[in-house]
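An overview of the molecular structure
So the chains spell out like this:
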Amino acid sequence: MTEQKVAVVTGASSGIGAATARRLAADGFDVVLTARRTERIEALAKEIGGRAWTLDVTDRAAVDAFAAGIGRVDVLINNAGGAFGAESVEQGDPADWRAMYEVNVLGVLHMTQALLPALRATGDGTVLILSSTAALASYEGGGGYIAAKAAAHSIAGTLRLELCGEPVRVIEIAPGMVKSEGFAVTRFRGDEAKAAAVYAGVAEPLTSEDVADTVSWAVTRPPHVNIDLLVVRPRAQAANHKVHRG
Ligand SMILES: NC(=O)c1ccc[n+]([C@@H]2O[C@H](COP(=O)([O-])OP(=O)(O)OC[C@H]3O[C@@H](n4cnc5c(N)ncnc54)[C@H](OP(=O)(O)O)[C@@H]3O)[C@@H](O)[C@H]2O)c1
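A brief look at the structure comes next. (Residues numbered from 1 in each chain as written. Predicted model: local features only at pLDDT ≥ 70, side-chain atom pairs only at ≥ 80, totals over all residues. Heavy atoms only, no water.)

Okay, empty space enclosed by the protein next. Summed over the entire model, instances satisfying the criterion amount to 1 cavity of 30 Å³ or more. Estimated volume of the largest cavity: approximately 60 Å³. Along the walls of the largest cavity sit 15 residues, with Phe84, Gly85, Glu87, Trp97 and Met100 positioned nearest its centre. At the level of secondary structure, the elements contributing two or more residues to the lining of the largest cavity comprise helix 4 (94–121) and helix 5 (143–162). (1 Å grid on protein atoms, 1.4 Å probe; cavity = no way out; pocket = protein on both sides within 12 Å on 5 of 7 lines; lining within 4 Å. Points joined across faces, edges and corners; volume = space filled by probe spheres on them. Helix = DSSP H or I, 4+ residues; strand = E, 2+ residues; numbered from the N terminus.)

This is how it looks when you write it as structure tokens:
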């Protein structure tokens, strides 16, 4: 009997990460749920038969301790991230830009560096990075987030080149508008009205489950198949700027 494959999901306490943890467990993975909010990941881990490990991906020492203690890892889903603020480049707070870089870029770097030895050791490892369509096209008020996700996109492209010939594939999934639990609320610092306006009139934004579905599909292809970059948007969003609102 083949051993159960292990998938580590960062940011599994909410939104896309939680939906992905749930979906990968249903796919048969032993899922390790990580995030800062312990209660949430413990509750979900219990529900899906996974394991919870409280982890801030910006804390390198904590990430190294996680890597030293986790054992086998077949799949790493770098999902933890988000946008802080929607100010123009002129008005943006450098502290927000730094924080976005820390979680969306250095978080991915820390997890990937720390887990690559384990991923390689399985003989068929997968690194998946949740970037964004923000990485591929600019929009006003997105500066710091766009810069951070463009850097995450660069990590995926560079790492794929560097690992060519090794048994680790690198997948990037770039979602457009997803009505997830926390993304817009975090961006607008808890302002529910501003967060709701992001999705106003859009009949069917993507759900976290829609993105989890694409993640599941990408990581369950045969090991020699590398989905380099998958862009997924709602039908109502033909481009970052082109959103149909009824
Ligand atoms: N929603 C969208 O429209 C959209 C579109 C494209 C890409 N994305 C990307 O998809 C990913 C998931 O976002 P979401 O929409 O599901 O938002 P969400 O509901 O706000 O979830 C964000 C997750 O990231 C975790 N997180 C944040 N900072 C962290 C840190 N320092 N260490 C560990 N975990 C951390 C949060 O957990 P804790 O707070 O418990 O740590 C939470 O589980 C993000 O990378 C986001 O940029 C979202």
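Here we take up the layout of surface pockets. One number sums up the size of the largest pocket: a volume of about 1200 Å³. Lining the largest pocket are 48 residues, and of these Gly81, Gly82, Tyr145, Phe183 and Ala184 sit closest to its centre. At the level of secondary structure, the elements contributing two or more residues to the lining of the largest pocket comprise helix 1 (15–26), strand 2 (30–35), helix 4, helix 5 and helix 6 (183–187). At 4 residues, helix 6 tops the list of elements feeding residues into the lining of the largest pocket. The class makeup of the residues in the lining of the largest pocket is 21 nonpolar, 20 polar and 7 charged. Taken as a whole, the second largest pocket holds about 200 Å³ of empty space. Together, 17 residues line the second largest pocket, and Asp124, Gly125, Thr126, Arg169 and Pro223 are the ones closest to its centre. Mapped onto the lining of the second largest pocket, the elements with two or more residues apiece are strand 5 (125–130) and strand 6 (168–175). Its residues assigned to classes, the lining of the second largest pocket shows 6 nonpolar, 5 polar and 6 charged. (Nonpolar A, V, L, I, M, F, W, Y, C, P; charged D, E, K, R; others polar.)

What follows deals with the sheet that holds strand 3 (residues 51–54). Pairing is parallel across the open sheet formed by 7 strands, whose spatial order is 3-2-1-4-5-6-7. Looking at strand neighbours, the two that pair on one side only are strand 3 and strand 7 (229–232), the edges of this open sheet. Here the average twist between neighbouring strands, direction ignored, is 15°. Here 4 bridges tie strand 2 to strand 3, and the two strands are oriented parallel to one another. Within strand 3, the position partnered with valine 32 by the bridge is arginine 51. The sheet strands contacting helix 4 are strand 1 (6–10), strand 4 (75–78), strand 5 and strand 6, and the helix crosses strand 4 at an angle near 175°. (Pairing = 2+ DSSP bridges. Axes fitted to C-alpha atoms, helices over the stretch in contact; angles between N-to-C directions. Contact = heavy atoms within 4.5 Å.)

Everything listed here is a matter of coordinates, which is why it stays silent on function.
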